[in-house]
Amino acid sequence: MNYLPNLCYQAPPNLANEICQHLPVDETSIGKFIFSWQIFNAVQCSLGVMASTACFIIVSRNDIPIYEAELGSAPKKEETAHQHQFILHAALDIVQDLAWTTSAMFLKAVDRFNDLVVSVYVTAAHILPIFKVVYFLLDGIKSFFQEVHELYIKILLNPLYLPGSRIPSSHFDTKVRALARKYL
Amino acid sequence: MDAATSSSYLGKMLIEEITPVVMVITTPLVEQSCQTNGLSFVQLVQPFCNFDNIDVPVRTASDQPYRLHQFKLRLHYASDIRHPNTEAAEEHLKQVVTRASDNDLTDFSSDPPQLENLLQTAQSESQSSRFQVFNKELIHASSFSEHEAFDHPVACLLVVSSKDNEPINKFVDLFNTNQFPSLLNDGAMDPKILKHYLLVHDNQDGTSEKATNIISDMRSTFGSSECRMICINSAQNESGDRQDNPWAIYKSDAQLGQDLGCFLNFDDLSEIKDLMQDLSSKHIIPHMEQKIRVLNQQVSATRKGFRNQIKNLWWRKGKDDTPDAPTGPMYTFSSIESQIRVLGDYAFMLRDYELALSNYRLLSTDYKLDKAWKRYAGVQEMMGLSFFMLDQSRKDAEYCMENAFSTYLKLGSSGQRNATRCGLWWTEMLKARDQYKEAAGVYSRISNEEPSLHAAVMLEQASYCYLLSNPPLLHKYGFHLVLSGSRYYISDQRKHAIRAYRSSLSVYKGNAWKYINDHVHYHIGKWYAVLGMHDLAIKHMLQVLVCGHQSIVTQELFLRDFLQIVQQLGKTFEVFRLQLPILSMPSLKVIFEDHRTYASLSAVNVKENLWKSLEEDLVPAVPVMRTNWLDSQPRRKDKDSSICVAGVLVIWRRDPVFGFGGADDDVASGYTRGTRLLEGLNLNLGGGVLMREAGGKSERRNHVLGGTDGGLYSTDGDKTVPVGTRRTIPGGRGIVLEAIKVDLEFKNPLKISISLSEVSLICQLSVKADLVESEIHGQNVNDMDGHLSATGFHNLEMEKLKSIWEMKACSSSSLVPSEVDFSLDGLKKTVVQLTVTPQVEGVLNIIGVRWKLSGSVVTYHNFDSNVLKKRVKGKRRSAKSPSSTLKFTVIESLPKLEGSIHHLPERAYAGELRRLVLELRNQSKFPVKNLKMKINDPRYLYPGRFEDIKAEFPSCLEKQTSCERSNVRANASQLSGEFSFPEDVTIQGEATFSWPLWLHAATSGRIPLLISVYYEMDNLSSDMRYRTLRIHYNLEVLPSLDVSIQISRCPSRLKEFLVRVDIVNKSSSESFRLHQLSSVGCKWEMSSLPPNGSASPSELLTAGQALSRFFNLKDCGKSTYDGTSSSPSTLRGSDVSLGSEGGKDILFDISSTPLADFHNYERSHQEKSIEVCDFSIMTWASK
């Protein structure tokens, strides 16, 4: 297995990807944006059949990913993991700028790398500074984000969960995947 | 024109790059003359084409006068005036990049730049000459295109040598030959260009008389103003050292070695200078000015004005029908479009940007209507640049550039070079206006279209733009560096690749995006390995080894590559604290034997509390001498922790009181800790708890110690270090030395299996004399600590461990650590037991562990720094430092008993009675005496009498006619489970001693059996008088019979009762045969109902079967029942045989030991104060 950096995307012509990433919170300002989610999604259209891969990442305030999931029906490829991380990580800059200029939680297509598009959902609440990153497609993204947000709040209510740490819950994972199937 | 604009980088670049081209045609003899200087003619003249300080008056088309102060001519051979060959250009660019990497002075071994310094370096990096040179070369790669006029030659310089035959004809020949560039021949530009005739005379070939004649001929033929003559090579010999060599910047390093222009003297140079200045100011500029006027008039006549516009529209419309041929020779030099373009470009070159812009505007609509996209894009590009130079509308400028860029891209490969050039100008434009973020975006767009090498350079520039934007976009910076690095690698520029990746590390350092970190470190490591820098490669590879989140394939790849690099290194690689496998420090468990010895591993695992409570009365109390009330507390703790001798050892645990190392000693080395520990130890034992060693030696040591840590320790001659006696051991040879065992848990974080070999402890055994030295050493280390960085500290620790390891290897006689080899499957944990056996007295310090991964990577891991960190965090002084718990004082060997119980089953049925044998072996040569034993619960286990061991079981329990049984012993000490062996019992050296035990499985369940055997040493030193042997077994007791009894008064007789006994076999498979029911004591007489007793056919109870029997009970005792009195006559009636006829004869005597003893324990356990009647049922297992 060759571990060559496949970052020079010579993307197949009919591959459309969307990506999304996360968001930062300035600690000095009152916690206005506390949750941010980001979404990104890769869609492959071939012969009219839509196969999609999406990477969904929830990012905490310190730019640390606390939840990662590869969603979608396309077969998981070995080399995509670090690509997704790279792209989402790079999109954080844009999100940081953008999050303070708008009151919308859902930021569609904030960043773009080649065919990959990053969408972000910035959660705003006074409770805890957490970001979420999701990777998504089309109209379902927003609903997906909102539902995942609810799930995430449930996780936060768990007294055993330390905000900002990795989300170890397999229940959460299953739920997110189910939602992804529903909306994607 | 704005000063700021023209002083920007782009402004300067445009003034330098978009300048008139002069076509040069020479004869071979001219070149020959020039080559004596190591230069071609163009190279010779080139440095003098740059005029920074001229003053040429110019008039615009509308007669506005202005002056040009700065000007430049570009000289090219006619053969060079063509579109550059793609491959050649590619090759040239590659060389440029390679040269830059060779010149790159980056020190690869230094740490990557810190994030804080990044911004400072970013400015210089982004403007470094590396990028500028590359960008310039990239722009040149697209020059001499037919669709733009500024690369078209403005003038032609014909050069003939005075040596040529018939120079006049030569001039004519030169211009008539077919070697003209295709631009002229194809009609893309006007072949009637300004001509200038130059005669070159080589002074080495003789005087200039002949040349003077020729020049006069030329003047008469071509016109006086168009002809010039220059003399070169006037210097007689190599004048050499010219201070400011004007060619230096034009030539590459390789050629600089020669003395360029060595035959040119000052006159020659000034002559050349004059020539070029005249050429530009007197010929070229006026010529261009003239042409601008002419063209402007022409354009005005045909295109300006309302009428012309209408006409043009009409005419254009008709043209729409023609096929779209953007690249075809649709526009010759005579077409009005080409003329407008020439007009615009000339105006641009003469800095009349207003005129240029208006013409470009006019042209762009035309081209757009004609769908001549390449030309359209070229015009848009120039419009953008004009806007920029005029510093007018930024928006328009950007729009034009964007338009041009995307139009070029639409053209496909033919427009790619131009797109790149346009993009570069665009980025410079954005950078000049501090729009770095946008500039970075443009760089990325350029990189998408370029081959990987160019893309790499573009992306690297993009990354610096992100860094320079406000606020700095660090994430993007890192990402683009990585992108650029991977492309550098694809194009074989490894050094560049490494540089890019290394810079990106500063962004990704310490962040939780694991895949990113793995990718970056892995590739840096790999590339370093390719460059042969293996140590650096390994440093980076180490970062990716622990990659549990990666897939199996990737993990294998990482590990394989890592091991490969280690192999290439050519020696075993040593690393400190490799996290593969992970050593779980909380699992660290030290097993040693002091006065407590263990018979088996299971005994070790029993909690110390249980043993302690068991042995409470068994062992003699440690005499605590209180000197004052302050002493009492620590001393008591000492009792728990510090007395231990193991064949050879004493362990000292650090008492909380002595955890005085604050934050300052967190960095302290193990030596220092050792020193402090000893101080603590001295204080602890100050009262003479253990043995006292007199003499000056200890006093001296105290002095040293006191010096190291003044206030805490008072120098007191009385306090001694309790090491073993100095006496030589009689018969010391052959004594089994007792090992210290350390249990460690290794966890494999990977999904693949790894193999470990030579896993072994690193220990240090200091003989007492060494102690002082090591303390002093420790102090020295301590002094240095303040200046050590974290890495330095690690290195130091590693060095220390290594030296200790090697020292041990040299003196292998004093220590014998075990070595273990094993392999760990993916994600598995394994507990490994490592042992070390000290051979001489002294202080043994277990410092760490060492293992070899896959046979090539040696890892040293010390035990204490985890705790060190904890201390820093929590300031918890009470946390015991492992370094202190792992310090042992080794003393001389002592006897040790080993023990086991024979015949103990793992499983028993409730109520089962067995005879066991306790066997004790003395492994040493010394006898032990004063044996005592204590058992945790005598209900289950009870020591018998020595005779029992020989008796036959179970027949010894049968009722004997003689009825001579001793009384039941039941005294207090037996109830508590303590048992003293007879006083005369001693176990001689290497002897075995057996003693019977009775086991009675009183209740069902899992029963732990704890036995502690206490013994004393006879003739040895007094620091350890006794030891205990701890034996532990687990017994699983299964349920057997469940018996319930109902007693009711007999309705007919006053002193008789009816007894109903219900018996259920609760066992799962076993069958039982009932044998006998007995009433304990002599008060009751029992008989079965019906009286003959043979009525029961079912004395065999199979599993699950229930049975009821009835008995008659008669109170026969008028005498008071005292529980222990017994007489054979009264006992007789208390037993009823339940068995078959054959078994009727044999009845068991329930008043014999051990039955009666167990009965007593049972009673005392249930604590029923009034016991009227006890029954015993004897059964036989069916088998």
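Throughout this description, residue numbers start from 1 for each chain and increase along the sequence as written. Each chain gets a letter, beginning with A, and each ligand a number, beginning with 1, in the order they are written. Selection of residues for local features in this predicted model requires a pLDDT of at least 70, selection of side-chain atom pairs for listing and counting requires 80 or more, and totals for whole chains, interfaces and linings are taken over all residues. Computation of side-chain values: all heavy atoms of the structure, hydrogens and water removed.

Asks: Just give me the short version of the overall build of chain A, but keep the residues and values in it.
Replies: In this description a helix means any DSSP run of H or I spanning at least four residues, a strand means any run of E spanning at least two, and both kinds are numbered starting from the N terminus. Looking only at helices and strands, one finds 3 helices and 7 strands in chain A. When the helices and strands of chain A are listed from N to C terminus, the series reads β-β-β-β-α-β-β-β-α-α. The buried label applies to any residue whose accessible area, calculated with a 1.4 Å probe on protein chains only, is under 20% of its type's maximum; exposed applies above 50%, and partly exposed to all values in between. Across the 184 residues that make up chain A, the buried fraction comes to 54%. In chain A, of all internal contacts separated by at least 6 residues, the share reaching a separation of at least 24 is 69%. All accessibility values rest on the Shrake-Rupley procedure with a 1.4 Å probe; residue burial counts only the protein chains present in the view. Just so you have it, chain A exposes about 8200 Å², and 56% of that area is on carbon and sulfur atoms. We call two residues in contact when some of their heavy atoms are within 4.5 Å.

Asks: Can you break down the pairing of strand β7 (residues 153–161) of chain B residue by residue, with the values?
Replies: Working note: regular strand, side chains alternate between the two faces of the sheet. Residues and elements named next belong to chain B. Judged by how many residues are buried, β7 sits mostly within the fold: 9 of 9 residues are covered. Note on pairing: DSSP must find at least two bridges between two strands before they are called paired. For β7 and strand β8 (residues 194–202), the ladder comprises 7 bridges, and the chain directions are parallel. The partner of Val160 across the bridge, within β8, is Leu199.

Asks: Report on the sheet that holds strand β32 (residues 1056–1065) of chain B, specifying residues and quantitative values.
Replies: What holds strands together in a sheet is hydrogen bonding between their backbones, with the strands either parallel or antiparallel. Residue and element names in this part refer to chain B. The strand order β31-β32-β36-β34 describes an open sheet built from 4 strands, whose pairing is antiparallel. Unpaired on one side and paired on the other, β31 (1041–1049) and β34 (1084–1089) mark the two borders of the sheet. Shown here is a sheet whose adjacent strand axes are inclined to one another by a mean of 30°, direction ignored. Where β34 meets strand β36 (residues 1106–1115), 6 bridges bridge the pair, whose relative direction is antiparallel. Bridge pairing in β36 links Ser1087 to Asn1112. The convention used is that axes are lines fitted to C-alpha atoms, helices contributing only their stretch in contact, and that angles between N-to-C directions extend from 0 to 180 degrees.

Asks: Can you lay out the confidence of the model for chain A for me, pointing to particular residues and giving the numbers?
Replies: Close inspection of predicted coordinates is inappropriate in any region flagged by low pLDDT. All names here are of chain A. Residue-level pLDDT values for chain A average 61, and 55% of them are 70 or greater. The secondary-structure element of chain A with the lowest mean pLDDT is strand β2 (residues 35–46), recorded at 29, while helix α3 (residues 170–183) shows the highest, at 85. A residue's pLDDT is simply how confident the predictor is in it, with values from 0 to 100. Low pLDDT (under 50) marks residues 1–51, which in the prediction has 257 contacts with non-local residues, meaning those over four places away or in another chain. Contacts of residues 125–137 to residues separated by more than four positions or lying in other chains number 104 contacts, the stretch itself having pLDDT below 50.

Asks: With reference to specific residues and values, describe the packing of helix α21 (residues 474–490) of chain B against helix α23 (residues 514–531) of chain B.
Replies: Residue and element names in this part refer to chain B. It is the contact of α21 with α23, at a shortest axis distance of 12 Å, that shows an interaxial angle of 30°. With respect to α23, the axis of α21 lies roughly parallel. Between α21 and α23 lies a crossing whose hand is left-handed. Of α23, the residues touching α21 (which contributes Val482, Gly485, Ser486 and Tyr489) are His519, Val520 and Trp527. In this count, Pro and Cys sit with the nonpolar residues alongside Ala, Val, Leu, Ile, Met, Phe, Trp and Tyr, while Asp, Glu, Lys and Arg are called charged and the others, Gly among them, polar. A breakdown of the residues in the contact of α21 with α23 according to their chemical character gives 4 nonpolar, 3 polar and no charged. Convention used here: angles under 35 degrees read as roughly parallel, angles over 145 as roughly antiparallel, angles from 65 to 115 as roughly perpendicular, and any remaining angle as oblique. Note: crossing handedness is left-handed where the near helix turns anticlockwise from the far helix by less than a right angle, and right-handed where it turns clockwise.

Asks: Report on the packing of aromatic side chains, specifying residues and quantitative values.
Replies: Residue and element names in this part refer to chain B. We call Phe, Tyr and Trp rings a pair once their centres come within 6.5 Å, taking the six-membered ring for Trp, and we label the pair stacked below 30 degrees between planes, edge-to-face above 60, and tilted otherwise. In this structure the tally under the stated criterion is 23 aromatic pairs over all chains. Ring pairing ties together the aromatic residues Phe979, Phe981, Phe993 and Trp995, which thus form one cluster. In this structure, Lys410 packs its charged tip against the face of Trp373, placed 5.8 Å from the ring centre. For a Lys NZ or an Arg CZ to count as sitting over a ring, it must be within 6 Å of the ring centre and within 35 degrees of the ring normal. Here the guanidinium or amino end of Lys932 rests over the ring plane of Tyr1014, the centre of that ring lying 4.9 Å away.

Asks: Residues and numbers for a nonpolar patch on the surface, please.
Replies: Residues and elements named next belong to chain B. What goes into a patch is any residue over 30% in relative accessible area without a salt bridge, connected to like charges within 9 Å or, for nonpolar side chains (Val, Leu, Ile, Met, Phe, Trp, Tyr), within 5 Å. When a carboxyl oxygen of Asp or Glu lies within 4 Å of a side-chain nitrogen of Lys or Arg, that pair is called a salt bridge. Nonpolar side chains collect at one region of the surface, where Val1043, Ile1045 and Ile1047 lie side by side and expose about 220 Å² of accessible area between them. Relative to the helices and strands, Ile1045 is located in strand β31. Take Ile1045: its relative accessible area is 33%, and that puts it in the partly exposed class.

Asks: So what about the sheet that holds strand β18 (residues 829–838) of chain B? Which residues, and what values?
Replies: Residues and elements named next belong to chain B. Taken in spatial order, the 4 strands of this open sheet run β11-β14-β18-β16, and their pairing is antiparallel. Of all the strands in the sheet, the pair left with one neighbour each is β11 (582–591) and β16 (815–817). The sheet shows a mean angle of 20° between the axes of neighbouring strands, taken without regard to direction. Where β11 meets strand β14 (residues 740–747), 6 bridges bridge the pair, whose relative direction is antiparallel. Across the sheet, Ile591 pairs through a bridge with Lys741, a residue of β14.

Asks: I'd like to hear about the interface of chain B and chain A, residue by residue, with values.
Replies: With 33 residues of chain B at the contact, the number on the chain A side is 32 residues. Accessible area that two parts lose when put together, with a 1.4 Å probe and added across both, is what the buried area reports. Roughly 2800 Å² of surface becomes buried between chain B and chain A when both sides are summed, with 67% attributable to carbon and sulfur atoms. When the buried surface of chain B facing chain A is broken down by residue, His475, Phe479 and Trp513 of chain B rank first, second and third, together holding 29% of it. Counting across the chain B and chain A interface gives 0 salt bridges.

Asks: Explain helix α17 (residues 394–410) of chain B to me, using residue names and the numbers behind them.
Replies: Residues and elements named next belong to chain B. In this analysis, the expected span of each helix is defined as 1.5 Å times one less than the number of residues it contains. Between its terminal C-alpha atoms α17 stretches 24 Å, which fits the 24 Å expected from 17 residues at 1.5 Å a residue. Within the span of α17, buried status applies to Ala397, Cys400, Met401, Asn403, Ala404, Phe405, Thr407 and Tyr408. Buried positions along α17 lie against α16 (373–390), α18 (413–432) and α19 (436–449). Just downstream of α17, Gly412 is the residue with a positive phi angle, here 85°.

Asks: Requested: an account of the pattern of salt bridges, with residues and values cited.
Replies: Residue and element names in this part refer to chain B. The full count for this structure, using the stated rule, is 22 salt bridges over all chains. The residue Glu428 makes a salt bridge to Lys431 at a minimum N-O spacing of 3.7 Å. Of this pair, Glu428 and Lys431 are both found in helix α18, 3 residues apart, which corresponds to roughly one turn of the helix. Overall, the relative accessible area of 7% leaves Glu428 in the buried class. For the salt bridge of Lys852 with Glu758, the shortest nitrogen-to-oxygen distance reads 3.6 Å. Of this pair, Lys852 sits in strand β19 (residues 842–853) while Glu758 sits in strand β15 (residues 754–766), and the two are 94 residues apart along the sequence.

Asks: Tell me about the confidence of the model for chain B, and please be specific about residues and values.
Replies: Residues and elements named next belong to chain B. Of the residues in chain B, 71% have a pLDDT of 70 or more, and the chain-wide mean is 72. Scored below 50 in pLDDT, residues 865–884 shows 34 contacts in the model against residues more than four places distant or in partner chains. Counted against residues more than four places away or in other chains, residues 1168–1172, with its pLDDT under 50, gives 3 contacts.

Asks: Got a sec to walk through helix α22 (residues 494–508) of chain B? Specific residues and values, please.
Replies: Residue and element names in this part refer to chain B. Look at α22: 20 Å from first C-alpha to last across 15 residues, which is about the 21 Å you get at 1.5 Å a residue. Counting buried residues in α22 gives 13 out of 15 residues, a clear majority hidden from the surface. Within two residues after α22, Gly510 carries a phi angle of roughly 60°, on the positive side.

Asks: Before we move on, could you go through unusual backbone geometry and cite the residues and values that matter?
Replies: Residues and elements named next belong to chain B. A cis geometry characterises the amide bond from Asn470 onward to Pro471, with omega recorded as -5°. Position of Pro471 among the secondary structure elements: in the loop between α20 (452–468) and α21. We note that Asp492 has phi near 65°; this positive angle belongs to a residue other than glycine. Assignment of secondary structure puts Asp492 in the loop between α21 and α22. The class for Asp492 is exposed, based on a relative accessible area of 52%.

Asks: Please give an account of the side chain of Asn296 of chain B that cites residues and values.
Replies: Residue and element names in this part refer to chain B. By secondary structure assignment, the location of Asn296 is in helix α12 (residues 266–303). Asn296 sits in the buried class, given a relative accessible area of 14%. Contacts of Asn296, omitting those with residues within four sequence positions, involve Ala61, Lys304, Leu343 and Leu355.

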